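Commentary on secondary and tertiary structure
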Amino acid sequence: MTSPARKISVVPDLPSVEVSDDLALDLYYWMTLTRAVEERALNLYRQGKLPGSYYTGRGQEAIAVGIALPLVRGEDGDWLSPWIRDLGSYLVHGVPVWRIFAQFMGKAGSTTRGKDGNLHIGGREWNIPCQVSHMADMIPLTVGAALAYKQRGEKRVAVTSFGDAATSRGDFHEGLNIAAVLEVPAVFVAENNGWGYSTPISKQTKVTDLHRKAAAYGIPAVSVDGNDVFAVYAALKASVDAAREGGGPQFVECKTYRMGGHAAHDKYESYMPMEVLAEWSDKDPIKRAEAILLEEREITEARLESIRERARDEVRQAVEQAEDDGYPDAAEAHQGVFAETAD
Amino acid sequence: MPELTYLEAINAALHDEMDADPRVFCLGEDVGRQGGAFGATKGIQQKYGELRSIDTPVAEAGIAGVAIGAAMAGQRPVAEMQFGDFVSIAFDQIVTCAAKMHYRIGWAVPMVVRCPNGGGVGGGPYHSENVEAWFHHHAGLKIVCPATADDAYGLLRASIQDPNPVVFCEHKFLYRREKADVPTGADGRIVPLGKARVARTGSDLSIITYASTVRLSMAVADTLEAEGTSVEVVDLRTLVPLDREAVLASVKKTGKAMIVHEDNLTGGFGAEVAAIVAQEAFEYLDAPVTRVAAIDTPIPFTPVLEREYLPTEEDILRAARELAAY
Ligand SMILES: Cc1ncc(C[n+]2csc(CCOP(=O)(O)OP(=O)(O)O)c2C)c(N)n1
Ligand SMILES: [Mg+2]
């Protein structure tokens, strides 16, 4: 029993996009799974079971999921280079949940076989390059992937996301400028959550509406409510379609708020205004999606609960599998510096 | 077989690789219609079109990053830095993204960054830099430094075919001074990365060198031959991978090692070679390991200062005589 797809129009400049109930439930499922993974991982971190630091994207799940769902998955699909807040992007684009826990734990099943940690996840099989810490570095790489698709006449796109503070870096500007001049099928997603570590966006840039920076390079750009998963999905779908059809690079700014510290160890209470946090808590993207599903789409609470149950089950199994997994051999530290073949 | 300059050999290697593999493409500032500041990419845009010979904005980090992404997405980019000096701007992309990608996820980055390198051409502090030592400390990059026209051709083709990121240091002073009959096209010779060349055999002392100082060392060997000293000249060709066996074999034979490079002395590649020789051929050495290199300053502009900066044939000769007499 599915009601007709709804057309969602985000901004006047973009074509409206159809979101069926099935798709709406899919978006909900992936956001729920994302949060379930992060909540479990945060517990493991607090129990001292995850080495290194822990970063969450709590409150930004709509962006992570909305970016990835319009894309084609798989090795021959679309390139996706997500930012550290975007665990959901990795999940949607195909990375198995247990390998993400293995990554956090530094186990052999990690996508990097323990050579890198946290959200530095990637692999050719998913067409996800492994992001680096250096903010904005993945932007020129994404332009390069898009260039490759254009050179070969393939209808593929390359997408990357990054935080607001990354728009201060040179590689953001060099990357966008080259993308525009070369007219490549790249889609840039800025996640404007108001903070770069402890620095508010007002100290980061005078142009706090980040889509205006893209306009300066001649790239079509829109700004959407990053806590509305349907809006993010629709904006991405329209932008990805435009890029795929030869419309050149596109830019989407998602406005949101960072719902905690930069990382789990960050004492954000000392610098973040608690009343603003409380306001944004009411705009939680999962709660909002639930309200729309229940009230506007008349999906039953039982159906939503079964989705949440499924997510919890997947997380439980994934953690078990990751805990059972071994560590890489010490000898592997020496291996893999150079490739024997590129094919 | 045509006589080609080192620069023409680079151009021929690019043409031949573009011909052989549709994934190969050139990008950089003015590389297209203009054929690059030096003409290394001449004729490529005319022959292969604008999608395979891309004039980019002036944005070296962007150029390197785009090359990395394209390489990961299945192409074989050859990025040109207009001058090697400007690779400082691309440094982060090369060491952060290109060098570590395969180690982390096993995804190869087959790309070449061409760096017109070196002094002796009145370029001053910003158009004369030798950049190889900036990169050799960092795991995950191959570093190629040809000394002859033949090698410029064969090593560039090997670099483009290599599945790893390669920093290709082509020496500007050699561009028009080195010449050879270089077979190209179907007869072209690929020179494998990691194999040094004994440019001259000798028995009394070894000069281990690369790029512009190979020809100076050869001239020194001629002079010393007349004085009754037999000098072996080992041209490293590639710094990474380093042909340790060739270095050690030569030093074990002659018992005396001198390392010569145009780059600054301190922290230069010669220090690494000296350490290897000291550790692995200690019992064979009849004299201290010697280095001849540029002085530790920026590269000055005016000829009298630039000559003072650069290691000259006289500098090498003097040091070699001392070493021979030790
Ligand atoms: C080039 C660089 N400098 C510094 C850092 C350290 N650092 C990590 S995240 C961060 C702030 C990121 O802010 P933003 O881009 O807005 O992303 P958010 O954390 O808000 O998602 C900084 C400074 C870094 N990763 N890269
Ligand atoms: Mg931010």
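Residues numbered from 1 in each chain as written. Chains lettered and ligands numbered in written order. Predicted model: local features only at pLDDT ≥ 70, side-chain atom pairs only at ≥ 80, totals over all residues. Heavy atoms only, no water.

**A closer look at the overall build of chain B**
Counting its secondary structure elements, chain B contains eleven helices and 14 strands. Compactness check: chain B gives a C-alpha radius of gyration of 19 Å against a globular reference of 20 Å for 326 residues, within 12% of the reference. Counting only C-alpha atoms, chain B reaches 60 × 40 × 40 Å along its principal axes. A total of 326 residues make up chain B; the buried ones form 65% of that total. If you take every contact in chain B between residues at least 6 apart in sequence, the share linking residues at least 24 apart comes to 82%. Accessible surface computed for chain B: about 11,600 Å², of which carbon and sulfur atoms make up 52%. Across chain B, the centroid of the 29 positively charged side chains sits 3 Å from that of the 44 negatively charged ones. (Helix = DSSP H or I, 4+ residues; strand = E, 2+ residues; numbered from the N terminus. Rg over C-alpha atoms; globule rule 2.2 N^0.38 Å. Buried < 20%, exposed > 50% of the residue type's maximum accessible area, 1.4 Å probe, protein only. Contact = heavy atoms within 4.5 Å. Areas by Shrake-Rupley, 256 points an atom, 1.4 Å probe, with all protein chains shown as cover. Lys, Arg positive; Asp, Glu negative; His and termini not counted. Charge placed at Lys NZ, Arg CZ, Asp CG, Glu CD.)

**Quick notes on the overall build of chain A**
A count of helices and strands for chain A gives twelve helices and nine strands. At 19 Å, chain A has a C-alpha radius of gyration in line with the 20 Å of a compact globule built from 343 residues. The 343 residues of chain A split such that 58% are buried. Within chain A, contacts between residues separated by at least 24 positions form 72% of all contacts whose residues are at least 6 apart in sequence. In chain A, 37 side chains carry a positive charge and 50 a negative one; their mean positions are 2 Å apart.

**Observations regarding the environment of Leu27 of chain A**
Residue and element names in this part refer to chain A. With respect to the secondary-structure elements, Leu27 resides in helix α1 (residues 21-46). Separated by 65 residues in the primary sequence, Leu27 and Val92 place their C-alpha atoms 9.5 Å from one another. Discounting residues that sit within four places of it in the chain, Leu27 has contacts with Val65, Leu69, Val229, Phe230 and Tyr233.

**Let's talk about the site of ligand 1**
All names here are of chain A. Near ligand 1, the surroundings consist of 15 residues, among which Trp83, Arg85, Ser133, Asn193 and Trp195 are the closest. Here Ala166 contributes a backbone N or O atom positioned 3.4 Å from an oxygen atom of ligand 1. Between Asn193 and ligand 1, the recorded distance is 2.8 Å, taken from a side-chain N or O atom to an oxygen atom. Relative to its unbound accessible area of 580 Å², ligand 1 is 73% covered by the protein chains. Counted by class, the shell around ligand 1 contains six nonpolar, six polar and three charged residues. (Near = heavy atom within 4 Å. Polar contact = N/O pair within 3.5 Å; in protein donor to acceptor, adjacent residues only side chain to side chain. Nonpolar A, V, L, I, M, F, W, Y, C, P; charged D, E, K, R; others polar.)

**Re the domain arrangement of chain B**
Residue and element names in this part refer to chain B. Taken domain by domain, chain B holds domain 1 (3-187) and domain 2 (197-325). Between the C-alpha centres of domain 1 and domain 2 there is a distance of 26 Å. Taken over both partners, the interface formed by domain 1 and domain 2 buries close to 2,100 Å², and the fraction arising from carbon and sulfur atoms is 57%. When residues of domain 1 are sorted by the area they lose upon contact with domain 2, Asn130, His136 and Cys145 head the list and together hold 23% of the total. The tally of links from domain 1 across to domain 2 stands at three salt bridges. Between Asp151 and Arg197 there is a salt bridge, with the nearest N and O atoms lying 3.7 Å from each other. Connecting domain 1 to domain 2 are twelve residue pairs in polar contact (both at pLDDT 80 or more). For the side of domain 1 that touches domain 2, the elements supplying multiple residues, two or more each, are α5 (132-136), β6 (142-144) and α6 (149-161). (Domains from an automatic or database assignment. Buried area = accessible area lost by both parts, 1.4 Å probe. Salt bridge = Lys/Arg side-chain N within 4 Å of Asp/Glu carboxyl O.)

**A few points about the packing of aromatic side chains**
Residues and elements named next belong to chain A. One pass over the structure, following the stated rule, counts 16 aromatic pairs over all chains. Here Tyr54 and Phe104 contribute two aromatic rings whose centre-to-centre distance is 5.4 Å and whose plane-to-plane angle is 85 degrees, an arrangement assigned as edge-to-face. Of the two residues, Tyr54 is situated in the loop between α1 and α2 (61-68) and Phe104 in helix α4 (residues 97-105); the sequence distance between them amounts to 50 residues. Residue Tyr54 shares its accessibility class with Phe104, and that shared class is buried. (Phe/Tyr/Trp six-rings, centres within 6.5 Å; stacked < 30°, edge-to-face > 60°.)

**Some remarks on the interface of chain A and chain B**
With 46 residues of chain A at the interface, the matching set in chain B holds 41 residues. Approximately 3,400 Å² of surface area, both sides summed, lies buried where chain A meets chain B, with 66% of it carried by carbon and sulfur atoms. On the chain A side of the contact with chain B, Leu141, Gln151 and Phe338 of chain A bury the most area, a combined 18% of that side's loss. Applying the counting criterion to the chain A and chain B interface returns three salt bridges. Notably, a salt bridge pairs Arg76 of chain B with Asp343 of chain A, separated by 3.2 Å at the nearest N-O pair. In terms of residue count, helix α5 (residues 138-151) of chain A provides more of the side of chain A that touches chain B than any other element does, ten residues in total. When the residues that make up the side of chain A that touches chain B are grouped by side-chain class, the tally is 20 nonpolar, 14 polar and twelve charged.

**Thoughts on the nonpolar core**
Core analysis: the largest hydrophobic core is formed by 90 residues, its most contacted members being Phe188 and Phe251 of chain A together with Val87, Ile94, Phe135, Ile208 and Leu236 of chain B. Among the nonpolar cores identified, the runner-up in size contains 78 residues, and Tyr29, Tyr55, Met105 and Val252 of chain A belong to it. (Core = buried A, V, L, I, M, F, W, Y, C linked by side-chain atoms within 4.5 Å.)

**Side note on the sheet that holds strand β9 (residues 250-255) of chain A**
Residues and elements named next belong to chain A. Pairing is parallel in the open sheet, where five strands are placed in the order β3-β4-β5-β9-β8. Looking at strand neighbours, the two that pair on one side only are β3 (79-81) and β8 (221-225), the edges of this open sheet. Strand after strand, the sheet turns through a mean of 15 degrees between neighbouring axes, direction not considered. Inspection of the sheet shows β8 paired to β9 by five bridges, in the parallel sense. Note that in β9 the partner of Asp225 across the bridge is Lys255. Sitting on the sheet, α2 touches β3, β4 (158-163), β5 (186-192) and β9, and the angle it makes with β5 is about 175 degrees. Across the face of the sheet, helix α9 (residues 229-247) comes into contact with β4, β5, β8 and β9 while running at roughly 170 degrees to β9. (Pairing = 2+ DSSP bridges. Axes fitted to C-alpha atoms, helices over the stretch in contact; angles between N-to-C directions.)

**As for the pattern of salt bridges**
The final tally for this structure, using the stated rule, is 43 salt bridges over all chains. The residue Lys142 of chain B makes a salt bridge to Asp162 of chain B at a minimum N-O spacing of 3.0 Å. Linking Lys142 of chain B in strand β6 with Asp162 of chain B in the loop between α6 and β7 (166-171), this pair joins segments that are 20 residues apart in sequence. Pair check on accessibility: Lys142 of chain B and Asp162 of chain B agree, each one buried. One salt bridge in this structure joins Asp222 of chain B and Arg200 of chain B, with 2.7 Å as the shortest N-O distance. Remark: Arg200 of chain B occurs in strand β9 (residues 197-200) and Asp222 of chain B occurs in helix α7 (residues 212-226); sequence separation between them is 22 residues. Among the residues examined, Asp222 of chain B registers a relative accessible area of 47% and is labelled partly exposed. Salt bridges sharing partners connect three or more residues here, namely Glu290, Glu301, Glu305, Arg308, Glu309 and Arg312 of chain A.

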